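Working through the structure, step by step
For reference, the chains in residue letters:
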Amino acid sequence: MADPVNGNARRAESVDIYAPQWRNFLFVAPYLFIFAAFLVFPLFWGIWLSFHKADTFSSGPFIGFGNYARLFRDGIFLQSIWNTFYFVFLTVPALALIGLFLALCLNRQTRSAAVLRTLFFSSSVLSVTIVTLIWRIVYIPDMGLLSMIYGFFGAKAPAFLSDPDIAMIGIAIATIWWCIGLPMMLFLSALQQIPQDIYEAAALDNANRWQTLRSITLPSIKRTFVLVVIIQIVFQFQLFGQAWLMTKGGPNNLTKPIVLYIYNTAFQRWDIGLGAAASEILFLLILVAAMAQFLLTRRKADA
Amino acid sequence: MASHNAEIRGRSFGDRVLFGLVILLAFAMAGPVLYVIALSLKDNKELMVDPHSVFHLPYTIKNYIDTVGTSNVFSWVLNSFIVAGGLTVLTLILSSLAGYGFARLNFPGRDVLFVIVLLGLAVPEQAVLIARHQIFSWLGLHNTYPGLILPGLSSAFGVFLMTQYFRAIPRELDEAAILDNASRLRVFWKVLLPLTVPAQATLGIFTFLGAWNDYFWPLISATRKEMFTLTVGIASTQQNFAQSQGIGFLMAQAVFAGAPILIIYLFFQKYIVTAVSGAAVR
């Protein structure tokens with residue numbers, strides 16, 4: 001941001017077309033009004049609400065950290081934090097590794113590779129409603145696609161979504177299916193930025209493919225790998241639709257993520273203050289990951 | 001495995017294993033969708049009797065006729081189109097104006113304001129949802145189109161993207177016009193805006209797709225059936241389908257709802273992939 005300002009100062013000596021003028025503000029005013037009204041104000045109003053015994057329309061009496069104290073005595077909230085981390089742990093490494101694998105295999109100019117890339121990204125354009133609809137019918141006991149495939153091998157399909165031990169895994173599989181396109185594409189564009197002459201030099205040195213992969217390809221995309229992981233952590237941390245539509249958070253709240261806890265609390269029980277406090281906790285957790293992403297992309301821009 | 005090895009169907013055993021794995025994953029990708037399409041083409045009663053009948057004839061388009069004839073799917077598609085289209089157009093307008101303002105014009109407090117807008121990028125939707133819901137209750141905007149459009153309009157991403165883009169355009173282009181006494185608005189409209197078409201496309205696609213697929217805000221804001229968007233509407237019909245008598249019908253509705261965006265994707269694949277991955281890395 002410093003550069004354009006300095007540039008302005010230099011130009012200003014000849015003709016002062018970049019001098020600060022109030023009327024120039026009019027260009028940014030429409031956006032800033034919306035930004036202030038529907039993002040900045042709600043952000044602070046949400047913090048304010050979290051310190052109050054709020055109801056649907058107003059903030060109610062001030063109760064200090066009462067909501068936060070209630071949250072951390074609430075076993076379901078603590079469970080939902082654990083569930084969220086568990087879900088991130090199930091999905092993010094799988095997305096990064098499968099995405100990398102697909103990118104490495106499909107990074108070529110053939111027609112079949114192009115078709116497969118199209119296929120692997122296609123699920124990403126679907127809404128969470130359609131994705132969960134597809135996977136619920138796949139998982140449905142006794143008549144779904146999964147139980148028919150298991151039946152073909154004479155086995156009984158695991159009861160994804162109703163068995164407490166594996167319900168979250170069922171949601172994770174549907175999520176990986178839904179989200180695999182973006183990691184693959186990010187890795188593909190990173191792979192295409194590696195200069196070809198490095199590979200040619202390696203080929204002249206008789207490096208085999210494993211050596212080439214380990215000493216050229218993987219080091220070159222290390223930063224992209226970290227970026228993919230952080231993007232996915234931020235995104236998967238906000239799990240809501242899949243859990244709400246596939247299991248409603250059950251069985252026994254074992255698939256209830258933080259966002260679903262917020263939804264249940266604020267928009268079903270209308271305990272607005274408690275919900276607001278929970279969303280501030282979520283905000284703090286996401287902020288840590290978002291900060292990491294910000295620092296990472298800034299460093300990339302400097303390099 | 002690097003790109004100079006032309007064919008995946010290579011010579012070694014390792015190549016075949018990799019090829020097999022990719023094909024397996026491809027089946028895992030396509031299988032569920034094909035299964036749902038097949039279900040949507042089956043008679044509901046036949047499915048109740050024998051789930052395996054999904055793999056063989058007879059197929060029927062009766063479920064689609066029922067979908068078109070009896071469900072609310074059309075009005076939900078219309079609502080989604082109004083919301084996503086409206087949000088996209090407004091986002092492009094506001095972001096372009098603000099991007100030009102931040103990148104090219106000077107006004108008191110500009111740099112501070114821009115940093116504040118950038119910080120807005122780090123705010124997740126969930127951190128503001130509850131307060132926003134209350135504000136929209138005060139304004140009486142729930143169950144209205146403005147109520148569904150306005151929250152998305154506050155996203156800082158478009159302004160950030162357009163500011164970056166305007167900054168990358170050489171200053172000589174508009175300086176000459178301004179020295180010729182053209183107004184700022186005219187320079188913006190005639191000289192600079194035509195140069196930003198690629199960024200407009202990226203932002204437009206990203207915004208439209210995001211709004212079309214948004215679920216949480218419409219779920220809490222549009223509570224009346226006639227204001228449902230497609231995501232909320234389809235979700236409202238799919239409760240408890242384990243007991244449902246009409247699996248085929250529900251699947252036809254899902255295919256009907258998912259097909260347009262998939263077809264658009266097939267045609268504009270390159271732009272969509274660029275927009276989505278560009279937005280992710282920002």
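Residues numbered from 1 in each chain as written. Chains lettered and ligands numbered in written order. Predicted model: local features only at pLDDT ≥ 70, side-chain atom pairs only at ≥ 80, totals over all residues. Heavy atoms only, no water.

For the rest of this paragraph, the subject is the side chain of A:T265. All names here are of chain A. You can see T265 is positioned in helix α14 (residues 258–268). Here the side chain of T265 touches Y261 through a polar contact of 2.6 Å, landing on its backbone oxygen. Not counting the four nearest positions on each side in its chain, T265 is found in contact with W270, D271, L274 and G275. (Helix = DSSP H or I, 4+ residues; strand = E, 2+ residues; numbered from the N terminus. Polar contact = N/O pair within 3.5 Å; in protein donor to acceptor, adjacent residues only side chain to side chain. Contact = heavy atoms within 4.5 Å.)

Turning our attention to a nonpolar patch on the surface. Residues and elements named next belong to chain B. On the surface, a cluster of nonpolar side chains totalling about 670 Å² of accessible area is made up of I263, I264, L266, F267, F268 and Y271. Here the element with the most residues in the nonpolar patch is helix α14 (residues 247–267); it accounts for four residues. Within the secondary structure layout, F268 lies in the loop between α14 and α15 (269–281). The class for F268 is partly exposed, based on a relative accessible area of 45%. (Patch = residues over 30% accessible without salt bridge, like charges linked within 9 Å, V, L, I, M, F, W, Y side chains within 5 Å. Areas by Shrake-Rupley, 256 points an atom, 1.4 Å probe, with all protein chains shown as cover. Salt bridge = Lys/Arg side-chain N within 4 Å of Asp/Glu carboxyl O. Buried < 20%, exposed > 50% of the residue type's maximum accessible area, 1.4 Å probe, protein only.)

A few words on the nonpolar core. If you look at the biggest cluster of nonpolar residues, it comprises 163 residues, and the most contacted ones within it are A:Y31, A:F120, A:W135, A:F240, A:Y263, B:F102 and B:Y215. Considering every element that reaches this core, the biggest residue donor is helix α4 (residues 75–106) of chain A, with 14 residues. Residue contributions to this core reach at least three from each of two domains, namely domain 1 (13–66) and domain 2 (71–237) of chain B. Apart from residues no more than four positions distant in its own chain, A:W135 is found in contact with A:I173, A:A174, A:W177, A:M246 and B:P32. Core analysis: the next-biggest nonpolar cluster, separate from the first, contains 18 residues, B:L105, B:M162, B:L192 and B:A279 among them. (Core = buried A, V, L, I, M, F, W, Y, C linked by side-chain atoms within 4.5 Å. Domains from an automatic or database assignment.)

All names here are of chain B. Two elements in contact, helix α8 (residues 157–168) and helix α11 (residues 197–213), have axes whose closest approach is 10 Å; the angle formed by their N-to-C orientations is 165°. Viewed along their axes, α8 and α11 adopt a mutual orientation that is roughly antiparallel. Classified by chirality, the crossing of α11 by α8 is right-handed. Contacts from F157, G158, L161, M162 and Y165 of α8 reach α11 at P198, A199, Q200, T202, L203 and F206. (Axes fitted to C-alpha atoms, helices over the stretch in contact; angles between N-to-C directions. Parallel < 35°, antiparallel > 145°, perpendicular 65-115°, else oblique. Left-handed = near helix turned anticlockwise from the far one by under 90°.)

All told, the structure shown has four salt bridges over all chains when counted by the stated rule. Between A:D271 and A:R70 there is a salt bridge, with its nearest N and O atoms 2.5 Å apart. With a gap of 201 residues between them, A:D271 in the loop between α14 and α15 (272–302) and A:R70 in helix α3 (residues 66–73) connect regions that are remote in the sequence. Classification of A:D271 as buried rests on a relative accessible area of 19%. Ionic pairing is found between B:R110 and B:D111, a salt bridge with its closest N-O pair at 3.1 Å.

As a further point, take the domain arrangement of chain B. Structurally, chain B comprises domain 1 (13–66) and domain 2 (71–237). Placing the centre of domain 1 of chain B and that of domain 2 of chain B at their C-alpha centroids yields a distance of 38 Å.

With the rule as written, the count across this model stands at 39 aromatic pairs over all chains. Considering the side-chain rings of A:Y139 and A:F160, the 4.9 Å spacing of their centres and the 45° angle between planes classify their relative orientation as tilted. Of this pair, A:Y139 sits in helix α6 (residues 128–139) while A:F160 sits in the loop between α7 (145–152) and α8 (167–179), and the two are 21 residues apart along the sequence. Centroid distance A:Y263 to A:F267: 6.2 Å. Interplanar angle 40°. Geometry classified as tilted. A residue pair is termed a helical-turn pair when its members lie 3 or 4 positions apart in one helix, as A:Y263 and A:F267 do in helix α14 at four residues. In this pair, the class of A:Y263 matches that of A:F267, namely buried. Stacked on the ring of A:W244, the Lys or Arg A:K248 has its end atom at 4.2 Å from the ring centre. The ring of B:Y271 has B:K270 sitting right over it, with the charged end atom 5.7 Å from the ring centre. (Phe/Tyr/Trp six-rings, centres within 6.5 Å; stacked < 30°, edge-to-face > 60°. Lys NZ or Arg CZ within 6 Å of the ring centre and 35° of its normal.)

This part covers helix α12 (residues 222–237) of chain A. Helix length check: α12(A), at 16 residues, gives a terminal C-alpha distance of 22 Å against a target of 22 Å (1.5 Å per residue), a fit within 8%. Three or more residues of α12(A) are buried, namely A:T224, A:L227, A:V228, A:I230, A:I231, A:Q232, A:V234, A:Q236 and A:F237. (Expected span 1.5 Å × (residues − 1).)

Turning our attention to the interface of chain A and chain B. At the interface, 105 residues of chain A touch 111 residues of chain B. Summing both partners gives a buried area of about 9,900 Å² for chain A against chain B, and 73% of it is carried by carbon and sulfur. Sorting the residues of chain A by area buried against chain B places A:F27, A:Y31 and A:F38 first, and these three jointly supply 9% of that buried surface. At the junction of chain A and chain B, the tally comes to zero salt bridges. Linking chain A to chain B there are 15 residue pairs in polar contact (both at pLDDT 80 or more). The greatest single-element share of the side of chain A that touches chain B, amounting to 17 residues, is contributed by helix α2 (residues 25–50) of chain A. Looking at the side of chain A that touches chain B residue by residue, the classes come out as 73 nonpolar, 22 polar and ten charged. (Buried area = accessible area lost by both parts, 1.4 Å probe. Nonpolar A, V, L, I, M, F, W, Y, C, P; charged D, E, K, R; others polar.)

Here we come to the environment of B:Y215. Mapped onto the secondary structure, B:Y215 falls in the loop between α11 and α12 (216–221). Assessed through its relative accessible area of 6%, B:Y215 is described here as buried. Here the alpha-carbon distance between B:Y215 and B:T231, two residues 16 residues apart in the chain, equals 5.9 Å. Non-local contacts of B:Y215, meaning those with residues more than four positions away in its chain, are made with A:V128, A:T129, A:F240, A:G241, A:W244, A:L245, B:T231, B:V232 and B:A235.

With that settled, consider the side chain of B:K42. Along the chain, B:K42 turns up in the loop between α1 (13–40) and α2 (44–49). When near neighbours in sequence (up to four residues on either side) are disregarded, B:K42 contacts B:L47, B:S53, B:V54, B:H56, B:L57, B:P58, B:Y59, B:T60, B:N63 and B:G248.

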